[in-house]
Amino acid sequence: MKNKFIGITSKIIIIIAVIISVIFLFFVYSNAQQKTSNDDKIDEEIKYLDTKLLTLINYLNNIDLQDYKVVLNKVESQSDSTSSSSKEEEQSSQQEDSSDNGTDKEETTITKMEEEVIVADGGEVDWKTIEGELEVLYSTWSAVILDLYNVGVSSENILSFSSALDDTLANVKKQDKALSAMYLAKLYEHLPIFLQNTQVEELDKKSLEAKSYIINSYAFAETENWDRMGQEIAKAESIFSNLVNDAKYVNDSRKYNINKTYIVIEELKKCLDVKDRAIFYVKYKNVLEELNVVRSL
């Protein structure tokens with residue numbers, strides 16, 4: 001009887017242990033899924049902030065990351081249903097009747113590519129557009145804050161972004177180009193920090209960090225501080241130098257893009273010797289396009 005009781009007790013303990021284990025694994029799995037979901041959401045929000053801030057800072061010099069734009073032109077062609085000999089005879093009557101009947105025309109849409117100007121020399125800054133976009137960013141930022149807290153971003157870094165956003169808008173309202181560039185770059189500096197505690201892939205984090213340094217160099221270009229520009233570019237160069245030499249990317253399909261990005265960063269660094277802002281903007285544009293490609297792979 002005693003052995004039977006012990007056997008039943010043992011079975012009960014085992015069943016309880018199994019139930020506790022299942023519940024524990026369920027909560028672990030749920031938390032992991034929730035963290036992955038939060039990380040994915042933050043990654044998308046950071047990509048939005050990335051695009052928005054990059055667009056705003058490039059507005060200051062009318063830089064477009066697209067080399068070409070698609071232009072649709074409509075061409076009207078008159079249908080040729082009569083012979084050339086009869087055209088002269090009908091010309092006068094067609095002119096008289098055109099007001100009543102119109103001409104028989106076909107409308108054709110043709111597509112062509114027109115080259116975009118990278119930097120519009122002497123172009124006016126569209127301050128109203130920048131100000132309006134920043135005000136839209138305020139409403140977006142308020143929604144992002146809670147998600148950042150959920151992935152462990154410190155309140156200090158969140159408040160720092162909010163403060164920089166206020167300073168950016170204040171300088172845009174003053175139409176101070178140099179300070180607007182500096183504060184927009186400062187806003188962008190927060191983006192790689194926001195991803196530090198997430199499970200976003202390391203290559204994405206490194207690419208975003210390198211892009212932040214490149215944007216810093218762009219901001220210093222407003223005051224032609226070539227030394228600081230070189231220091232910022234050197235930081236981006238160091239990141240991609242390490243990626244190029246990282247054994248884990250030897251057989252990675254993105255190896256080509258990593259190498260290409262490193263090369264264009266080197267080209268950007270070399271162009272500083274010329275101390276020509278127009279040349280710098282061309283090289284800067286090339287670097288950003290390559291960094292965008294790496295981040296999207």
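We now turn to the structure provided with this report.

1. A few points about the environment of Ala 234
- As for its position among the elements, Ala 234 is in helix α7 (residues 226-244).
- Residues Ala 234 and Tyr 213, spaced 21 residues apart in sequence, show a C-alpha to C-alpha distance of 8.5 Å.

2. Section: the nonpolar core
- Counting 66 residues, the largest nonpolar core has Ile 57, Leu 60, Leu 134, Leu 191, Ile 214, Phe 280 and Tyr 284 as the members making the most contacts within it.
- The set of elements that each furnish at least two residues to this core consists of α1 (2-59), α3 (127-150), α4 (155-173), α5 (177-194), α6 (202-221), α7, α8 (255-271) and α9 (277-296).
- Looking at this core element by element, the count peaks at 10 residues for α6.
- Ignoring anything within four residues of it in the chain, the contact list for Ile 214 reads Ile 233, Ala 236, Leu 268, Tyr 284, Val 287, Leu 288 and Leu 291.

3. Quick notes on the packing of aromatic side chains
- Summed over all chains, the structure comprises seven aromatic pairs.
- Between Trp 141 and Phe 194 the ring centres are 5.9 Å apart and the planes differ by 20 degrees, which places this aromatic pair in the stacked class. Of the two residues, Trp 141 sits in helix α3 while Phe 194 sits in helix α5, which places them 53 residues apart along the sequence.
- Look at Trp 141 and you get buried, because its relative accessible area is 4%.

4. Some remarks on the side chain of Lys 255
- Position of Lys 255 relative to the elements: it lies in helix α8.
- Here Val 244 takes part through its backbone oxygen, which lies 2.5 Å from a polar atom of the side chain of Lys 255.
- Apart from the residues lying within four places of it in its own chain, the contact partners of Lys 255 are Leu 243, Val 244, Tyr 249 and Val 250.

5. Brief notes about the environment of Cys 271
- Topologically, Cys 271 is positioned in helix α8.
- Taking the C-alpha atoms as reference points, Cys 271 and Val 282, separated by 11 residues in sequence, lie 10.0 Å from one another.
- Residues in contact with Cys 271, not counting those within four places in the same chain, are Ile 279, Phe 280 and Lys 283.

6. Observations regarding the packing of α7 against α8
- Running from N to C, α7 and α8 cross one another at 155 degrees; their axes reach a closest spacing of 9 Å. The orientation of α7 with respect to α8, classified from their angle, is roughly antiparallel. In the crossing of α7 with α8, the sense of the turn from one axis to the other is left-handed. Side by side, α7 and α8 meet where Ile 233, Ala 236, Glu 237, Phe 240, Ser 241, Leu 243 and Val 244 of the first sit next to Lys 255, Ile 258, Asn 259, Thr 261, Tyr 262, Ile 265, Glu 266, Leu 268 and Lys 269 of the second.
- Of the residues contributing to the contact of α7 with α8, the split by class is nine nonpolar, three polar and four charged.

Analysis parameters
- Residues numbered from 1 in each chain as written.
- Predicted model: local features only at pLDDT ≥ 70, side-chain atom pairs only at ≥ 80, totals over all residues.
- Heavy atoms only, no water.
- Helix = DSSP H or I, 4+ residues; strand = E, 2+ residues; numbered from the N terminus.
- Core = buried A, V, L, I, M, F, W, Y, C linked by side-chain atoms within 4.5 Å.
- Buried < 20%, exposed > 50% of the residue type's maximum accessible area, 1.4 Å probe, protein only.
- Contact = heavy atoms within 4.5 Å.
- Phe/Tyr/Trp six-rings, centres within 6.5 Å; stacked < 30°, edge-to-face > 60°.
- Polar contact = N/O pair within 3.5 Å; in protein donor to acceptor, adjacent residues only side chain to side chain.
- Axes fitted to C-alpha atoms, helices over the stretch in contact; angles between N-to-C directions.
- Parallel < 35°, antiparallel > 145°, perpendicular 65-115°, else oblique.
- Left-handed = near helix turned anticlockwise from the far one by under 90°.
- Nonpolar A, V, L, I, M, F, W, Y, C, P; charged D, E, K, R; others polar.

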